[in-house]
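Residue strings, one per chain:
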Amino acid sequence: MTRFSWGVATDVGRVRQANEDAVLADDGVFAVADGMGGHRGGEIASQLAVDTLRDAFTVASTDALVESVQDANDALFDRAGEDPDLQGMGTTLCAMALVDGDGRDLIGVVNVGDSRLYLLKDGELRQITEDHSLVATLERQGRLTRAEAAVHPQRNILTRALGIDSTVMVDSWEVLPFAGDRYLICSDGLFNELDDARIAATLRKLADPGEAARELVRIAVETGGRDNVTCVVVDVVDDDRDPAAAAAAADAADADDDDAADRLSDPADRTDPPPVPPAPVPIGGPVRHQRSFTWRVALFALIVLVIAGAAVGAIYFAGTNTFYVGFSGEQVAIYRGRPGGVLWIQPTIAEVTTITRADVPSARVSELEKGKDEASIDDAHNYVNRLQDQIEQLRPSTTTTTAPPTTSTTATAATQAAPDESTP
Ligand code: MG
């Protein structure tokens, strides 16, 4: 079973008025947050982040740890939205926790911002997390060396932080725990004062994690103390590997391992940590998580759906429950829909009248060619009736017309049945 021993230290430094770093060190979950923002915003942001992480992390998985960081982001973003004094507050958050990886103990690591997790393994210090800062980006692009980045005037510009936006991208890693490994979580107040060699030397020198944390903070403050400094030192004092396999690895390693005395672990203080075989640490590179579905996203999606639904409904209504009168070939017809259609809904013929294009008074032709909108089928009928009346009124009413009498008679009779026959 994996067990930890740990120690914590923090200091306001020699320049700042307040300590805006916050720390979490419960058994199995450890975090450092470095807040920013005026009017106590930084202090509130970092404390809210670690408190939310502690409360939200209830399932021992890396996914749950990532989710807890996203919950912390939600909490900060909401709080900043409620209080104008806290607008723009944000924080870094770097955490490690014991998680279950398919029945095997793992250390889940999450990071947003430029607080760091280091691993001291076999006396070698390596940074597990990647900083989300301008200088780190330039360093990764090969435009700055690590030494240049360490003293760059814009090294405090972050490219990611909690509380700034409604969503946040969280990096995560999984690391195999080995007895004898020592982890350090720290705020930038440490590594902006001390280089990696100094940090590593201090971690190697002091076996007690509490002493190591206090000494790191003390030296950083002594060196400059230009920022708040916070350190959590976590030792893996036991791991969950098979003792027989560990013993075999120990025997093999003992044969040529003369450096055992230089290792971090002090045999007197520990449960006989065996030398460890090389392990993939961390397992894979950073995994970047961006929560795609929060309650805000859900609410937004719902609103969009309602608006889209209303729009589709309106279009469908307009496309199927309105009418117009127009020509269908040479006949006047009543259509269901709108002239030319509405998006994908094409008009359909509801009724064809006996009136032909030739019957229609010339003043009305263009109106019918465009399509005369009517709100209902009854209104369309009324329009057709008025059109019919107009046609009747304009039609020669007696045989004194200039047209031949036979044609006129035919026309009058034909109006009832087949009016197009009346037109020469
Ligand atoms: Mg700081």
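Shown above is the structure to which this text applies.
Keep in mind that what you see is a predicted model, and the values were worked out from it rather than measured.

*Asks:* How do you make sense of the packing of helix H10 (residues 362-370) against helix H11 (residues 377-394) when you look at a structure like this?
*Replies:* Packed helices, taken two at a time, are described by their axes: the angle between them and the distance between them. In the contact formed by H10 and H11, the axes pass within 12 Å of each other and the chain directions differ by 155 degrees. Judged by the inter-axis angle, H10 sits roughly antiparallel to H11. Relative to H11, H10 is oriented so that their crossing is left-handed. Contacts from Arg364, Glu367 and Leu368 in H10 reach Tyr383, Leu387 and Gln390 in H11. Here the contact of H10 with H11 is composed, by residue class, of three nonpolar, one polar and two charged.

*Asks:* Looking at this model, I keep getting lost on a nonpolar patch on the surface. Mind explaining?
*Replies:* The grouping of Leu299, Leu302, Ile303, Val306 and Ile307 at the surface amounts to a nonpolar patch, some 470 Å² of accessible area in total. For valine 306, the location among the structural elements is in helix H9 (residues 295-320).

*Asks:* Looking at this structure, how should I read the nonpolar core?
*Replies:* For soluble globular proteins, the rule of thumb is that nonpolar side chains tend to be buried together. If you look at the biggest cluster of nonpolar residues, it comprises 33 residues, and the most contacted ones within it are Leu53, Val69 and Leu162. Broken down by secondary-structure element, the contributors of at least two residues to this core are strand S2 (21-26), strand S3 (29-36), helix H1 (41-56), helix H2 (62-82), strand S5 (93-101) and strand S6 (104-112). Residue contributions to this core peak at seven residues, all from H2. In contact with leucine 53, not counting residues within four places along its chain, are Leu24, Val29, Ala31, Leu65, Ser68, Val69 and Ala95. Core analysis: the next-biggest nonpolar cluster, separate from the first, contains 22 residues, Leu120, Leu206, Ala213 and Ala220 among them.

*Asks:* Please clarify how the environment of arginine 395 should be interpreted in this entry.
*Replies:* Within the secondary structure, arginine 395 sits in the loop between H11 and helix H12 (405-417). Arginine 395 sits in the buried class, given a relative accessible area of 16%. Taking the C-alpha atoms as reference points, arginine 395 and aspartate 359, separated by 36 residues in sequence, lie 9.2 Å from one another.

*Asks:* I'm lost on the coordination of the magnesium ion in this one. Help?
*Replies:* Put simply, the ideal angle at a metal is 109.5 degrees for four donors in tetrahedral geometry and 90 or 180 degrees for six donors in octahedral geometry. Around the magnesium ion, the protein supplies Asp34 (OD), Asp188 (OD) and Asp227 (OD) as donor atoms, at distances of 2.1 to 2.3 Å. Look at where the donors of the magnesium ion fall in the sequence and you get D-x153-D-x38-D. Linking aspartate 34 in strand S3 with aspartate 188 in helix H5 (residues 188-191), this pair joins segments that are 154 residues apart in sequence. Assessed through its relative accessible area of 9%, aspartate 34 is described here as buried.

*Asks:* Whenever I open this one, the sheet that holds strand S11 (residues 229-238) confuses me. Can you help?
*Replies:* Strand pairing in a sheet relies on backbone hydrogen bonds. The paired strands run either parallel or antiparallel. Strand order in the open sheet made by the five strands is S1-S11-S10-S7-S8, with antiparallel pairing throughout. The sheet is open, and its two borders are formed by strand S1 (3-11) and strand S8 (124-127), each paired with just one other strand. Pairwise comparison of adjacent strand axes, ignoring direction, gives a mean angle of 20 degrees for this sheet. One ladder, built from four bridges, connects strand S7 (residues 116-121) with S8; its direction is antiparallel. For lysine 121, the partnering residue across the bridge sits in S8 and is glutamate 124. On top of the sheet, helix H6 (residues 196-205) reaches S7, S8, strand S10 (182-186) and S11; it is set at about 55 degrees to S7, its chief contact.

*Asks:* Explain the pattern of salt bridges to me, please; I cannot follow it from the model alone.
*Replies:* When charged atoms on two side chains of opposite charge get close, those side chains can pair. What the rule picks out here adds up to 19 salt bridges. Arginine 357 is the partner of glutamate 330 in a salt bridge, and the nearest nitrogen-oxygen pair spans 3.4 Å. Of this pair, glutamate 330 sits in the loop between strand S13 (323-328) and strand S14 (331-336) while arginine 357 sits in the loop between strand S15 (348-356) and H10, and the two are 27 residues apart along the sequence. You can call arginine 357 partly exposed: its relative accessible area is 24%.

*Asks:* Any chance you could explain the packing of aromatic side chains here in plain terms?
*Replies:* Between two aromatic rings, the relevant description is the distance of the centres plus the angle of the planes. Counted according to the given criterion, the structure contains three aromatic pairs. Ring plane angle 85 degrees and centroid distance 5.7 Å describe the contact between phenylalanine 4 and phenylalanine 30, whose orientation is recorded as edge-to-face. Placement of phenylalanine 4 in strand S1 and of phenylalanine 30 in strand S3 is noted, with a sequence separation of 26 residues between them. Using a relative accessible area of 9% as the deciding quantity, one classes phenylalanine 4 as buried. Exposure remark for phenylalanine 30: the relative accessible area of 0% places this residue in the buried category.

*Asks:* For this particular structure, what's the right way to read the side chain of histidine 132?
*Replies:* Among the structural elements, histidine 132 can be located in the loop between S8 and helix H3 (134-140). Look at histidine 132 and you get buried, because its relative accessible area is 3%.

*Asks:* Explanation requested: the side chain of threonine 62 in the structure shown.
*Replies:* On the secondary structure map, threonine 62 appears in helix H2. Setting aside chain neighbours within four positions, we find threonine 62 in contact with Val99, Gly108, Ser172, Trp173 and Glu174.

Rules and cut-offs
Residues numbered from 1 in each chain as written. Predicted model: local features only at pLDDT ≥ 70, side-chain atom pairs only at ≥ 80, totals over all residues. Heavy atoms only, no water. Axes fitted to C-alpha atoms, helices over the stretch in contact; angles between N-to-C directions. Helix = DSSP H or I, 4+ residues; strand = E, 2+ residues; numbered from the N terminus. Parallel < 35°, antiparallel > 145°, perpendicular 65-115°, else oblique. Left-handed = near helix turned anticlockwise from the far one by under 90°. Contact = heavy atoms within 4.5 Å. Nonpolar A, V, L, I, M, F, W, Y, C, P; charged D, E, K, R; others polar. Patch = residues over 30% accessible without salt bridge, like charges linked within 9 Å, V, L, I, M, F, W, Y side chains within 5 Å. Areas by Shrake-Rupley, 256 points an atom, 1.4 Å probe, with all protein chains shown as cover. Salt bridge = Lys/Arg side-chain N within 4 Å of Asp/Glu carboxyl O. Core = buried A, V, L, I, M, F, W, Y, C linked by side-chain atoms within 4.5 Å. Buried < 20%, exposed > 50% of the residue type's maximum accessible area, 1.4 Å probe, protein only. Donors = N, O, S within 2.8 Å, 3.2 Å for Na, K, Ca; no water. Pairing = 2+ DSSP bridges. Phe/Tyr/Trp six-rings, centres within 6.5 Å; stacked < 30°, edge-to-face > 60°.

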